[in-house]
Amino acid sequence: MAGGGTAAPRRPLTLTEVEPGSENERLGVARDSMLRNPLILKAELGKPQRNCYTLPGFDFSYGLYVHRTDGGVPEAIGHWNTVKPRTATVQKMPRDFITMNRGALKAGYTTAHEFNLYYKAKDIRCKDDEYSRFKRCPPKVPADMTYGITARPCTPLFDLLQHKYKELWMEQQRALTAAQRVEKKKKDKVRETRTTLLRKHPLPAKEESFWHLPHLEKVGPHLSTFPDRDARKKAFSASH
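Residues numbered from 1 in each chain as written. Predicted model: local features only at pLDDT ≥ 70, side-chain atom pairs only at ≥ 80, totals over all residues. Heavy atoms only, no water.

Caption draft 1: Representation of the overall build of the chain in the model. Secondary structure summary: the chain contains seven helices and zero strands in total. The linear arrangement of helices and strands in the chain, starting from the amino end, is α-α-α-α-α-α-α. Buried residues in the chain amount to 8% of all 240 residues. Counting contacts in the chain only where the partners sit at least 6 residues apart, residues at least 24 apart contribute 42% of the total. Per element, the accessible surface of the chain, about 23,800 Å² overall, is 58% carbon and sulfur. (Helix = DSSP H or I, 4+ residues; strand = E, 2+ residues; numbered from the N terminus. Buried < 20%, exposed > 50% of the residue type's maximum accessible area, 1.4 Å probe, protein only. Contact = heavy atoms within 4.5 Å. Areas by Shrake-Rupley, 256 points an atom, 1.4 Å probe, with all protein chains shown as cover.)

Caption draft 2: Structural detail: the packing of aromatic side chains. Following the criterion strictly, the structure yields four aromatic pairs and no others. Ring geometry for Phe60 and Tyr62: centres 4.9 Å apart, planes at 85°, overall edge-to-face. Pairwise contacts between aromatic rings join Phe97, Phe115 and Tyr119 into one cluster. (Phe/Tyr/Trp six-rings, centres within 6.5 Å; stacked < 30°, edge-to-face > 60°.)

Caption draft 3: Fine view of the layout of surface pockets. The calculated volume of the largest pocket comes to roughly 160 Å³. Forming the boundary of the largest pocket are Leu13, Glu17, Val18, Glu19, Ser22, Glu23, Asn24, Glu44, Leu45, Lys47 and Arg50. A per-class count over the lining of the largest pocket returns three nonpolar, two polar and six charged. (1 Å grid on protein atoms, 1.4 Å probe; cavity = no way out; pocket = protein on both sides within 12 Å on 5 of 7 lines; lining within 4 Å. Points joined across faces, edges and corners; volume = space filled by probe spheres on them. Nonpolar A, V, L, I, M, F, W, Y, C, P; charged D, E, K, R; others polar.)

Caption draft 4: Geometry of the side chain of Asp159. Mapped onto the elements, Asp159 comes out in helix 4 (residues 157-161). Here Asp159 sits buried without a salt bridge, and the closest side chain of opposite charge, Lys164, lies 4.1 Å off (N-O distance). Not counting residues within four places of it along the chain, the set of residues in contact with Asp159 comprises Lys164 and Tyr165. (Lys, Arg positive; Asp, Glu negative; His and termini not counted. Salt bridge = Lys/Arg side-chain N within 4 Å of Asp/Glu carboxyl O.)

Caption draft 5: How the structure looks around the pattern of salt bridges. Taken as a whole, this structure holds six salt bridges when the rule is applied. Arg50 is the salt-bridge partner of Glu17, the closest N and O atoms lying 3.6 Å from each other. Of the two residues, Glu17 sits in the segment before helix 1 (72-78) while Arg50 sits in the segment before helix 1, which places them 33 residues apart along the sequence. For Arg50, a relative accessible area of 15% corresponds to the buried category. The closest approach of N and O atoms between Glu192 and Lys200, which form a salt bridge, is 2.5 Å. Taking relative accessible area as the criterion, Glu192 reaches 38% and is therefore assigned partly exposed. Residue classification places Lys200 among the exposed residues on the basis of a relative accessible area of 53%. Counted as one network, the salt bridges with shared partners bring together Glu17, Glu44, Lys47 and Arg50.

Caption draft 6: Region of interest: the packing of helix 2 (residues 97-107) against helix 3 (residues 112-121). Contact geometry of helix 2 with helix 3 gives a least axis separation of 10 Å together with a crossing angle of 120°. For the pair helix 2 and helix 3, the crossing hand works out as right-handed. Here Phe97, Met100, Asn101, Gly103, Ala104 and Leu105 of helix 2 lie close against helix 3, whose contacting residues are Phe115, Tyr118 and Tyr119. Of the residues contributing to the contact of helix 2 with helix 3, the split by class is seven nonpolar, two polar and no charged. (Axes fitted to C-alpha atoms, helices over the stretch in contact; angles between N-to-C directions. Left-handed = near helix turned anticlockwise from the far one by under 90°.)

In structure tokens:
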């Protein structure tokens, strides 16, 4: 594109188009391949960049050319080509074992071998009406069932404005920190020895008692000179 109008595409530059004193002037031996190398070709002043690829002529049609195979209008008038109808495939219905078992019992067959022979002889198939989609019962669904995707619950704007979720998170973090501290204290706790236990819970003071000779301890009398116990009490009461 040069200026505001629409111009022909910039084709590769040739030696005949190179003017003396232009940007792509070549001295000595010059070849067309020099003007088709984007690393050697210089940009022209005030003109768009040229294409260095060899392009076909202006009468070249790009794309895939498809030859007509239908014959055009004469072929359409002279022949009447119709689409052949497709033969519908007959669906093989499953066996009707209920009807066959009923007939086998009525015929007096009881063993499995006799039943298999009856199945081969009387190959009864289910009818098309039984498998019709119009006669199928709709699935049983609860009365309060909601079809489709459930709506998203409303955003609690009041909780967001009050920073409720932040407070809940802060409380969880505080409880977690307190639990970690308690766990750390349990791990760092030193086992107590007898010395530390006695410091916390000292033993009761033992009452001091003087030492006496065993034979000077108070013992009962070996001789009693009083006639009876009343006389002894009377003598003690008089002296004390």
